[in-house]
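# Commentary on secondary and tertiary structure
Chain residues, written in single-letter form:
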Amino acid sequence: MSTAMKRIAIKEGLFAGSLDDLHDVHLGGSKCGACGEVGLGKVEACPNCGSDDLSQVALGDNGSLYTYTIVRHRPPGNYQGPAEFKPFGLGLVEIDGVIQVMAPLLPEIDSLRIGMPLRFHPYVLRTDENGAEVIAFAYGAAGE
Amino acid sequence: MSNVYIIGSGYHPFGRFDKSYQQIGSEAAAAALSDAGVEWRDIQAAYMARMYLPATSGARILRCLGATDISVIDIEAACASGGAALLQGMLTIQAGAADLVLVAGTEKMPRGFMDPSMIYSPWQVELGMSMNPAYWSMRAMRHMHEYGTTHEQIAMVAYKNHLNSVHNPMAMYRKEFSMEQILNSQLVCDPIRLLEICAPNDGAAAVVLASERKVRELGAQAIKIAGIAHSISRYSSDFRCPAESMSATMDNVGPTGVTAERAYAVAGFGAEDIDCFEVQDTDAFCEIEIYEELGLCPVGEGGRLVEDGHTRIGGSHPVNMSGGLISKGEPVGASHLGQIVELVAQLRGTCGPRQVEGAKTALGHVLGAGGNCAITILQK
């Protein structure tokens, strides 16, 4: 499936798969051939050892919540959340037993628990000045 | 390495003032010079810690004391800027390049959450991942989950520090708050509440460093710098801002642990031989984690350490006698030097109601963005 609308990632190299079909979008990672660590998105050098022997991988869509907080006040700067601020969860999501990723959380704030299963959720955040849809991500409750 | 001493200290109170940063900074520098009994024209090099001020702030501030032709260098290492500046000052003397050095920190900051563009990537700002307290809170939440640390124990840190601040003229808030007031204050990022975090503000602090030769020549009352270390966090050791991702398998020692180990090695003694501490309580939980990483107690027992009263003035390991950043506020460039002003006063025995009796050794610790950490150990 493709759309007429051009799409871009909120950060270049953050995702694996075609942005045309959100079902095919996953978080991307850079796996280091030297130390085996995985960095988030496309990186120039391994965040652990600095090696440039990196291969691009797609991270799994399932994760579990390692820790979280609830952001109770509108974050400063160019925050693109709802015009009327609503408190939301922010957490560190463990994926594939190899990486933990900082991410906004979609479940109701009162339902958040450390260890809860979560699922990757790519979405259209906004349309940029060139008319392209900007794809961002969050994690929702597994099964939703 | 030759010994380096602090022979004078001074500050401008921390708070919010209708004054320029040049006035705030130069008043602190003048106070330190006066305390040391030396003149500005005697100073052979100067370092100015600052984060939010414009380029060449050090030169612009110190020119207020008279335009000499010495080296004046601005230093920035986030919340650890003051420690990085102190380290450079010490090394300058140890290298034999100067006998008298001024090290100062000055800041003037806007109210509210810090400007996220200084620390976070634009995409993180768009998604609301750009609030410093969120990252501290996530650490607190995990610690509570793993070790059973409680909301009450976190609040006890804020209670203790607010109580200590009452007698400190440097502090912005000099008010005691009850446990109920703290636990009922507004949630900022769960589990951290408004009376449990520090505020960015204005302030300055300064010290005069001298070589052993200069101390003898002046006959100065001197406090020895036993050790200074500065580091940034190792991979996957810290999820303080602005973390994007961590390893799920590696659990490296955090920046406080790494820096403490280095500072203890230089000093030749460790936590058990240190009489009083000033540490980075940007939030109340942070202090609990720092107890553990400095080695005041085993990992997981920081909550019990404060609950049992060990970190009060009069306890076995007094921490943040000044009231900490929770009471003083955090003028980032000035915060570590503000700690040093307090610790020098503790070692001189001039702290009045907040004095740690017989203190002979002291440690100052700062920690911030990028895992920037600095520790200074002083000895009478």
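Keep in mind it's a predicted model, so treat the numbers as computed, not measured. (Residues numbered from 1 in each chain as written. Chains lettered and ligands numbered in written order. Predicted model: local features only at pLDDT ≥ 70, side-chain atom pairs only at ≥ 80, totals over all residues.)

### Details of the overall build of chain A
Helices and strands together make up the secondary structure of chain A, namely zero helices and 10 strands. Secondary structure elements in chain A, listed N-terminal to C-terminal, are β-β-β-β-β-β-β-β-β-β. Whereas a compact globule of 144 residues would reach a radius of gyration of roughly 15 Å, chain A reaches 16 Å, a difference of no more than 12%. A principal-axis box enclosing the C-alpha atoms of chain A has dimensions of 45 × 40 × 30 Å. The proportion of buried residues among the 144 residues of chain A is 36%. Look at the contacts in chain A between residues 6 or more apart in sequence, and 47% of them connect residues 24 or more apart. (Helix = DSSP H or I, 4+ residues; strand = E, 2+ residues; numbered from the N terminus. Rg over C-alpha atoms; globule rule 2.2 N^0.38 Å. Buried ≥ 20, exposed ≤ 12 C-beta atoms within 10 Å, placed from the backbone. Contact = placed C-beta atoms within 7 Å.)

### Describing the overall build of chain B
Helix and strand counts for chain B stand at 13 helices and 12 strands. Overall size of chain B, expressed as C-alpha extent along the three principal axes, is 55 × 45 × 40 Å. Residue burial in chain B is summarised as follows: out of 380 residues, 65% are buried. Restricting to contacts in chain B with at least 6 residues of sequence separation, those with at least 24 account for 78%.

### Considering the packing of helix H5 (residues 132-147) of chain B against helix H10 (residues 284-294) of chain B
Residues and elements named next belong to chain B. One way to put it is that H5 packs onto H10 with a least axis distance of 9 Å and a crossing angle of 60°. The pairing of H5 with H10 is recorded here as oblique in orientation. In terms of crossing hand, the pair formed by H5 and H10 is left-handed. From H5, Trp136, Arg139, Ala140 and His143 reach across to H10, where they touch Phe285, Cys286 and Glu289. Of the residues contributing to the contact of H5 with H10, the split by class is four nonpolar, one polar and two charged. (Axes fitted to C-alpha atoms, helices over the stretch in contact; angles between N-to-C directions. Parallel < 35°, antiparallel > 145°, perpendicular 65-115°, else oblique. Left-handed = near helix turned anticlockwise from the far one by under 90°. Nonpolar A, V, L, I, M, F, W, Y, C, P; charged D, E, K, R; others polar.)

### What to know about the sheet that holds strand E4 (residues 100-107) of chain B
Either a parallel or an antiparallel arrangement is found when strands of a sheet pair, and the pairing is made through backbone hydrogen bonds. Residues and elements named next belong to chain B. Ordered by their spatial adjacency, nine strands build an open sheet running E3-E2-E4-E7-E1-E8-E12-E11-E10, and the pairing between neighbours is mixed. The strands lining the two open edges of the sheet, one partner per strand, are strand E3 (71-75) and strand E10 (276-278). Neighbour-to-neighbour, the strand axes of this sheet turn through a mean angle of 20°, independent of strand direction. Here two bridges tie strand E1 (residues 4-15) to strand E8 (residues 223-231), and the two strands are oriented antiparallel to one another. Bridging from a neighbouring strand, tyrosine 5 pairs with lysine 224 of E8. (Pairing = 2+ DSSP bridges.)

### Examining the nonpolar core
All names here are of chain B. Membership of the largest hydrophobic core comes to 170 residues, with the highest contact counts inside it found for Val101, Leu102, Val103, Ala206, Val208, Leu209 and Leu337. The element that contributes the greatest number of residues to this core is helix H13 (residues 332-348), accounting for nine residues. Two domains each donate at least three residues to this core, and these are domain 1 (4-110 + 202-225) and domain 2 (118-198 + 226-379). Discounting residues that sit within four places of it in the chain, alanine 206 has contacts with Ser9, Gly10, Ala28, Ala29, Ala32, Leu102, Val103, Ala104 and Leu337. (Core = buried A, V, L, I, M, F, W, Y, C linked by C-beta atoms within 7 Å. Domains from an automatic or database assignment.)

### Structural notes on H10(B)
All names here are of chain B. Most of H10 is tucked away, with 11 of its 11 residues classed as buried. Taken together, the buried positions of H10 are occupied by Ala284, Phe285, Cys286, Glu287, Ile288, Glu289, Ile290, Tyr291, Glu292, Glu293 and Leu294. Positive phi shows up at glycine 295, right after H10, with a value of about 90°.

### Overview of helix H1 (residues 21-36) of chain B
All names here are of chain B. Helix length check: H1 (16 residues) gives 23 Å between terminal C-alpha atoms against 22 Å at 1.5 Å per residue, within 8%. Of all the positions in H1, only Tyr21, Ile24, Gly25, Ser26, Glu27, Ala28, Ala29, Ala32, Leu33, Asp35 and Ala36 are classed as buried. At its buried positions, H1 is contacted by E1, helix H2 (57-62), E4 and strand E7 (202-211). One or two residues past the end of H1 sits glycine 37, with phi positive at roughly 75°. (Expected span 1.5 Å × (residues − 1).)

### A look at the interface of chain A and chain B
Contacts between chain A and chain B engage 37 residues on the former and 33 residues on the latter. Taken together, the elements giving at least two residues each to the side of chain A that touches chain B come down to strand E4 (38-40), strand E6 (62-71), strand E7 (88-95) and strand E8 (99-105) of chain A. A per-element tally of the side of chain A that touches chain B places E6(A) first, with six residues. In terms of residue class, the side of chain A that touches chain B is made up of 21 nonpolar, 12 polar and four charged. As paired strands, E8(A) and strand E9 (residues 245-247) of chain B are joined by three bridges and run antiparallel to one another. When the sheet's bridge partners are listed, Gln100(A) is paired in E9(B) with Met246(B).

### Some thoughts on the packing of helix H9 (residues 255-267) of chain B against H10(B)
Residue and element names in this part refer to chain B. In the contact formed by H9 and H10, the axes pass within 8 Å of each other and the chain directions differ by 40°. Here H10 runs oblique to H9, going by the angle between their axes. Between H9 and H10 lies a crossing of right-handed hand. The segment H9 lies against H10, with Thr256, Gly257 and Ala260 engaging Ile290, Glu293 and Leu294.

### Describing the environment of Leu347(B)
Residue and element names in this part refer to chain B. Note that leucine 347 resides in helix H13. The buried category is assigned to leucine 347, around which 22 C-beta atoms lie within 10 Å. Measuring from C-alpha to C-alpha, the distance between leucine 347 and alanine 30 comes to 21 Å, with 317 residues separating the pair along the chain. The residues touching leucine 347, leaving out its near neighbours within four places in the chain, are Ile223, Ala359, Lys360, Ala362, Leu378 and Lys380.

### What to know about the domain arrangement of chain B
Residues and elements named next belong to chain B. Splitting chain B by domain gives domain 1 (4-110 + 202-225) and domain 2 (118-198 + 226-379). Here the C-alpha centre of domain 2 lies 24 Å away from the C-alpha centre of domain 1. Contributions of two or more residues to the side of domain 1 that touches domain 2 are made by E1, helix H3 (81-94), E4, E7 and E8. In terms of residue count, H3 provides more of the side of domain 1 that touches domain 2 than any other element does, seven residues in total. Classifying every residue of the side of domain 1 that touches domain 2 gives 24 nonpolar, eight polar and four charged.

### Focus: the pairing of strand E2 (residues 45-49) of chain B
Residue and element names in this part refer to chain B. Of all five residues in E2, five are buried, a share of seventy percent or more. Residues Ala45, Tyr47 and Ala49 line one face of E2 and the alternating positions Ala46 and Met48 line the opposite face, and both faces are buried. Bridging between E2 and E3 involves five bridges; their strand directions are parallel. Counted as the bridge partner of alanine 49 is isoleucine 75 from E3. At this point the chain moves from E2, through H2, to the parallel E3, and the crossover so formed is right-handed. (Right-handed = clockwise from strand over helix to strand, strands pointing away.)

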